[in-house]
Each structure stands twice: as structure tokens, then as C-alpha cells.
Amino acid sequence: PDARSAASSILASVSPAALGIHVHDVSREARTAKSPATDFGALFLGFSSVLILASLILTAMLFSLSIERRMKEVVTLRNIGLPERQIRSLFLREALLLAGAAVALGIALAPLLSGWAVNGLQALWPETVGDITLRTASSWSSTLLGAASALALVYGVQVRALKRSLEPRATR
């Protein structure tokens, strides 16, 4: 009985932590370490949004510059009696043809470029990916939705740029 009470009093007065003994939930720490350290979804969404906005602004600027450089052509078309609407339509069809070719090239190169990006991420930054193998995934529906969205955005930007570039100089 004396030994038990002595052991109880010693255990009550000295904590394992004071002796340097710490208890860890090793299985929880292993699960946490195995999961990826960074959620790239929000990062890629934000980065993609900035890239899309910058590309739309650049498209508008380049298209406006192209029209400004071809102003002699616009004046000639006006002088031969083409209505303003038909001149705009001519430039817009030309721009959409070029945009369509760019979208087709993008569709062809997208799997290759996304594969390079994912492989580069895994090779250059393995600690953020963790133990997960990243793969690219695409479907025809997402590809066609992206292509249609790109063409619609480019169309909107070009209509605005055409309107600003072809309006009479006195109102600018």
C-alpha cells in the first residue's frame, strides 16, 4: 500500500511533458502530411482570370491599332459608297476569321501545354503537390465551351474596338 501511494503521489506531482515525454497522434499527422499542401484551384482560377483580362485588353488594342493603320482603306470604302454597317461587318468578319484560327490552334495545343504545366509543377515544386500524382483532364464539352466563350469574348471586344475606331473623328 505504501508503494502505491508513493507512486500515485509521484505521478500526480510530475507530468510526462515535464520529463520530455510528448504524445503525438501519429496517424493524423501522417494523413495531413500525405495530403497536398496547397490548393491550386483558387490560384489557377485567379491567374487565369488575370491572363484572360489582359489578353482581351491586348486584343482590343491590337485590333484598334490595325484599324487605325488601315484607315486609308476605310476612307476608300466610304468614298465608294459602302454603308458604315457593311464596313464594320467586313472588318468584324476578318477579325473573327483570325480569332477562329487562333481558337483552333489553341484547341490543338491545349493538351500539350497543360501537360507541360502539370509535369513542370510536379518536377519543380514536389513539396506542394505532396504524394498525389497530378493528371490533366479535359472533355470535348469543356473544350467546346472554352472555344465558344473565347470567340464570344473576342467578338465583344472587337465590336467595341470597331465602334471606337470607326466613329467620326469630331466626336472623339
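Keep in mind that what you see is a predicted model, and the values were worked out from it rather than measured.

About the criteria used
- Residues numbered from 1 in each chain as written.
- Predicted model: local features only at pLDDT ≥ 70, side-chain atom pairs only at ≥ 80, totals over all residues.
- Heavy atoms only, no water.
- 1 Å grid on protein atoms, 1.4 Å probe; cavity = no way out; pocket = protein on both sides within 12 Å on 5 of 7 lines; lining within 4 Å.
- Points joined across faces, edges and corners; volume = space filled by probe spheres on them.
- Helix = DSSP H or I, 4+ residues; strand = E, 2+ residues; numbered from the N terminus.
- Nonpolar A, V, L, I, M, F, W, Y, C, P; charged D, E, K, R; others polar.
- Contact = heavy atoms within 4.5 Å.
- Polar contact = N/O pair within 3.5 Å; in protein donor to acceptor, adjacent residues only side chain to side chain.
- Axes fitted to C-alpha atoms, helices over the stretch in contact; angles between N-to-C directions.
- Parallel < 35°, antiparallel > 145°, perpendicular 65-115°, else oblique.
- Left-handed = near helix turned anticlockwise from the far one by under 90°.
- Salt bridge = Lys/Arg side-chain N within 4 Å of Asp/Glu carboxyl O.
- Buried < 20%, exposed > 50% of the residue type's maximum accessible area, 1.4 Å probe, protein only.
- Core = buried A, V, L, I, M, F, W, Y, C linked by side-chain atoms within 4.5 Å.
- pLDDT = per-residue confidence, 0-100.

A. Representation of the layout of surface pockets within the structure. Volume-wise, the largest pocket comes out at about 2000 Å³. Considering the residues around the largest pocket, the lining is formed by 47 residues, among which Ser-48, Ile-52, Gly-106, Ala-110 and Leu-113 are closest to the centre. The set of elements that each furnish at least two residues to the lining of the largest pocket consists of helix H3 (40-69), helix H5 (84-124) and helix H7 (140-166). Looking at the lining of the largest pocket element by element, the count peaks at 18 residues for H5. Residue composition of the lining of the largest pocket, grouped by class: 31 nonpolar, 14 polar and two charged.

B. Summary view of the side chain of Gln-158. Within the secondary structure, Gln-158 sits in helix H7. Excluding residues within four positions of it along the chain, Gln-158 makes contact with Thr-59, Phe-63, Leu-92, Ala-95 and Leu-96.

C. Here's a closer look at the side chain of Ser-165. For Ser-165, the location among the structural elements is in helix H7. Within polar-contact distance, the side chain of Ser-165 engages the side chain of Ser-64 at 3.5 Å.

D. Broad picture of the packing of helix H4 (residues 71-79) against H5. Where H4 meets H5, the axes come as close as 10 Å, and the angle between the chain directions of the two elements is 140°. Looking at the two axes, H4 sits oblique to H5. Crossing angle aside, the handedness with which H4 passes H5 is right-handed. Here H4 contributes Glu-73, Val-74, Leu-77 and Arg-78 to the contact with H5, which in turn contributes Glu-84, Ile-87, Leu-90 and Phe-91. When grouped by side-chain class, the residues that make up the contact of H4 with H5 number five nonpolar, no polar and three charged.

E. Main features of the packing of H3 against H7. The N-to-C vectors of H3 and H7 enclose an angle of 40°; their axes lie 9 Å apart at closest approach. In terms of crossing hand, the pair formed by H3 and H7 is right-handed. Together, Ile-52, Leu-56, Thr-59, Ala-60, Phe-63, Ser-64, Ile-67 and Glu-68 of H3 and Leu-153, Val-154, Val-157, Gln-158, Ala-161, Leu-162, Ser-165 and Leu-166 of H7 make up the contact between the two elements. Among the residues making up the contact of H3 with H7, the classes are represented as eleven nonpolar, four polar and one charged.

F. Highlighting the pattern of salt bridges. This model, assessed by the stated rule, comprises four salt bridges. Between Arg-70 and Glu-73 there is a salt bridge; the shortest N-O distance is 3.0 Å. According to the relative accessible area criterion, Arg-70 is partly exposed, its value standing at 21%. In this structure, the salt-bridge partner of Arg-70 is Glu-94, at a minimum N-O distance of 2.6 Å. Of this pair, Arg-70 sits in the loop between H3 and H4 while Glu-94 sits in helix H5, and the two are 24 residues apart along the sequence. Salt bridges sharing common partners tie together Arg-70, Glu-73 and Glu-94.

G. Just the nonpolar core, in detail. Within the largest apolar cluster, twelve residues are counted, these being Phe-63, Ile-67, Met-71, Val-74, Leu-77, Ile-87, Phe-91, Leu-92, Ala-95, Ala-161, Leu-162 and Leu-166. Put simply, the parts of the chain that give this core at least two residues each are H3, H4, H5 and H7. In terms of residue count, the dominant contributor to this core is H5 (four residues). When near neighbours in sequence (up to four residues on either side) are disregarded, Phe-91 contacts Phe-63, Ile-67, Arg-70, Glu-73, Val-74 and Leu-162.

H. Structural view of the confidence of the model for the chain. Mean pLDDT over the chain: 84, with 91% of residues reaching 70 or higher. When pLDDT is averaged over each element of the chain, H4 comes out on top at 92 and helix H6 (residues 126-129) at the bottom at 71.

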